[in-house]
Amino acid sequence: MHIFLMLLINGLAEGALIFLMAAGLSIILGLLGVVNFTHGVLFIWGGYVSIWIFSMTGSFPIAIIAAVAAGALMGLVFERLFIRPVYGNVTAQILITLGLGVVFTDMARLFWGPNPIPASRPEFMDGTWVIDAVIISQYRIFLIVVGILVAIGINYLVNRTKVGMVMRAGIQSPEMVQALGINIKVYFAGVFAGGAALAALGGALYVPLVGSVWSGMGINNQILAFIVIILGGMGSFYGSAVGSIIIGLTVAFVSWFYPPLTVYTTVLLLLLVLTLKPEGLFGMAVRN
Amino acid sequence: MDPLLKLDNVSSFIGPFHILQGVTLEVYPGEAVVILGRNGAGKTTTLRTIIGLVPASAGKIILDSVDLTAMPPYHTVRQGIGFVPEDYGIFDALTVEENLLIAMWQEDQDTVDRRDHVLELFTDLKESYKRLASTLSGGQRQMLSIARALVNDNKIILIDEPSKGLAPIIVEKVRDTLLTFKQEKTIVLVEQNFEMACAVGDRYYIIAEGQTVLDGTIKELMDDEELQRKHLGFVTA
Ligand SMILES: Nc1ncnc2c1ncn2[C@@H]1O[C@H](COP(=O)(O)OP(=O)(O)OP(=O)(O)O)[C@@H](O)[C@H]1O
Ligand SMILES: [Mg+2]
């Protein structure tokens, strides 16, 4: 029983981290129609920037805010310079975003060196709770809470604000949105920057969990995030939330009992869902 | 009197295809102009080029002495154009209310008042106001799309084949609606349904292979069966 509870919490925490990446990826794919492989490198940069700022200020909140700001800024620059010219051209998007990933990963190595930099958890969350002989890490609970808050925030944005209204409409037809007097490119840029900020937040929060930051850490989560959005349904925010929980739990349980099977299980799960429901759990028909 | 909308020898491409190859037309304030032509003639592309959804590659498009030719769509629309596309352009994931709201870029009291006035005209929409638009029927979508073009103080409304795919009884309803607001609005109507065209239109242009080839009053067209056969392929009773 106590193993179950521990794995549940580990899985949800892992799910929360995947969700930070998947939510942005999914909305970017659904609204902008952009297949984006820059999220992995944004995750890495989020990690490095937070460590870097933490080492200078000693403040965890400031480090997190700096990472989020850096992610948003990089997202804006990426969208403006590299993504905007290739809207509608998926092949070019894949090549360009993969290229950006390589270049910015190397740049991170250049700035911060090739070796992992150790990181510590913020003191106030380094503790554990013991409930019925189950050891619960406070930091994991913190991650779950962050995941929930971000989900609530996105849900509010999408369903209760004018920006969200334009996003929901734009997923169906960006052209018609324009024909109603709205400059959808501004929303595209905002969504891309927002997704980038969330990926950087994910990286910044991941580093204290695993104890160090290194330039190869983004790739695993990026793959899991892609599995999540295909599983949950492209363009569906609910899909990415539910998919993240499913994948997070799967990874936690399988890697506890038989680690070599972890990757296979997630892929198998994906194939199973796609066989039964090709559009994903919450997917709508994808444009084009 | 100057025309409200003027297209002067307008060309446009879709991808590599030269679709419009010289469309020239004038629409005067208060009139309803019908654009006729066979399938694939370029009627829809003409409307889309006016809006800027398809960029004009040559020629000039002037609305009320503002040059729209090189403007992006969100900007042309704000010069006072309401657009009712062929597929209605209704957003399924939005409620009926939001489908109107998303068009109300002016965000002022006048727009709110106009919306309330429009809702009095379209009672169906008022009843389904808070429902998702995905639950609407084809006729209701058409009505919502027309209503949406009326919430702004538009100078001109472009409507693409409003009778297409609708049951005859709904078509009558759409026609009555068009006749009602025709009193106050300038209209460009693309229509293959000859009866609808005659009921609503004052003048016509015929487009063939991306060019305006003929124009005149609807009355002239109604009286000339030869013309109808030649350019429109109508077999009228
Ligand atoms: N996306 C596209 N790619 C290539 N050709 C296109 C595209 N859209 C339209 N066309 C071509 O442009 C021409 C004009 O199309 P348009 O839709 O303007 O015709 P239309 O007069 O509105 O016809 P309909 O009565 O069928 O609505 C057609 O020959 C069509 O095949
Ligand atoms: Mg057409």
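None of the values given here were measured: they were computed from a predicted structure.

Asks: Sorry if this is basic, but what is going on with the interface of chain A and chain B here?
Replies: It is common to report an interface's size as the accessible area lost on association of the parts. With 16 residues of chain A at the interface, the matching set in chain B holds 22 residues. Interface area, chain A with chain B, both sides summed: about 1700 Å², of which 63% is carbon and sulfur. Applying the counting rule to chain A against chain B returns 3 salt bridges. For B:Arg48, the salt bridge goes to A:Glu175, with nearest N and O atoms at 2.9 Å.

Asks: What exactly am I supposed to notice about the pattern of salt bridges here?
Replies: A pair can form between side chains of opposite charge whenever their charged atoms are brought close. Residues and elements named next belong to chain B. The tally for this structure, following the rule as stated, stands at 19 salt bridges over all chains. Residues Glu 97 and Lys 130 are paired through a salt bridge, measuring 2.8 Å at the closest nitrogen-oxygen approach. Taken together, the residues Glu 97 in helix α3 (residues 96–101) and Lys 130 in the loop between α5 (123–127) and α6 (138–150) connect sequence positions 33 residues apart. The class for Lys 130 is exposed, based on a relative accessible area of 62%. Ionic pairing is found between Arg 115 and Asp 116, a salt bridge with its closest N-O pair at 3.4 Å. Looking at Asp 116, the relative accessible area reads 35%, which means it is partly exposed.

Asks: Looking at this structure, I do not really get the packing of α6(B) against helix α7 (residues 168–182) of chain B. What am I missing?
Replies: How two helices sit against one another is set out by the angle between their axes and by the gap between those axes. Residue and element names in this part refer to chain B. Where α6 contacts α7, the two axes come as close as 10 Å, and the packing angle between them is 10°. Between α6 and α7, the angle falls in the class roughly parallel. Taking contact as the criterion, the partners of Gly 139, Gln 142, Met 143, Ile 146 and Leu 150 in α6 are, on α7, Ile 170, Lys 173, Val 174, Thr 177, Leu 178 and Phe 181. When grouped by side-chain class, the residues that make up the contact of α6 with α7 number 7 nonpolar, 3 polar and 1 charged.

Asks: Honestly, the sheet that holds strand β4 (residues 56–63) of chain B in this entry has me stumped. Any pointers?
Replies: All names here are of chain B. One open sheet holds the 4 strands; their spatial order is β2-β1-β4-β5, and the pairing between them is antiparallel. Two strands in the sheet have a free side with no partner beyond their single neighbour: β2 (17–27) and β5 (66–67). Relative to β4, strand β1 (residues 5–14) runs antiparallel, the two sharing 6 bridges. Its bridge partner lying in β4, Lys 6 is registered against Ile 62. With respect to the sheet, helix α1 (residues 43–51) is in contact with β1, β2 and β4, its orientation differing from that of β1 by roughly 105°.

Asks: In this structure, what is going on with helix α2 (residues 39–57) of chain A? I would like to understand it.
Replies: In an α-helix, one turn spans 3.6 residues, which is why side chains three or four residues apart end up on the same side. All names here are of chain A. Compared with an ideal rise of 1.5 Å per residue, which puts 19 residues at 27 Å, α2 spans 26 Å between its outermost C-alpha atoms and is within 8% of the ideal. Burial analysis of α2 places 14 of its 19 residues in the buried class, the great majority of the element. Looking at the residues trailing α2, positive phi occurs at Gly 58, about 70°.

The rules behind the values
- Residues numbered from 1 in each chain as written.
- Chains lettered and ligands numbered in written order.
- Predicted model: local features only at pLDDT ≥ 70, side-chain atom pairs only at ≥ 80, totals over all residues.
- Heavy atoms only, no water.
- Contact = heavy atoms within 4.5 Å.
- Buried area = accessible area lost by both parts, 1.4 Å probe.
- Salt bridge = Lys/Arg side-chain N within 4 Å of Asp/Glu carboxyl O.
- Helix = DSSP H or I, 4+ residues; strand = E, 2+ residues; numbered from the N terminus.
- Buried < 20%, exposed > 50% of the residue type's maximum accessible area, 1.4 Å probe, protein only.
- Axes fitted to C-alpha atoms, helices over the stretch in contact; angles between N-to-C directions.
- Parallel < 35°, antiparallel > 145°, perpendicular 65-115°, else oblique.
- Nonpolar A, V, L, I, M, F, W, Y, C, P; charged D, E, K, R; others polar.
- Pairing = 2+ DSSP bridges.
- Expected span 1.5 Å × (residues − 1).

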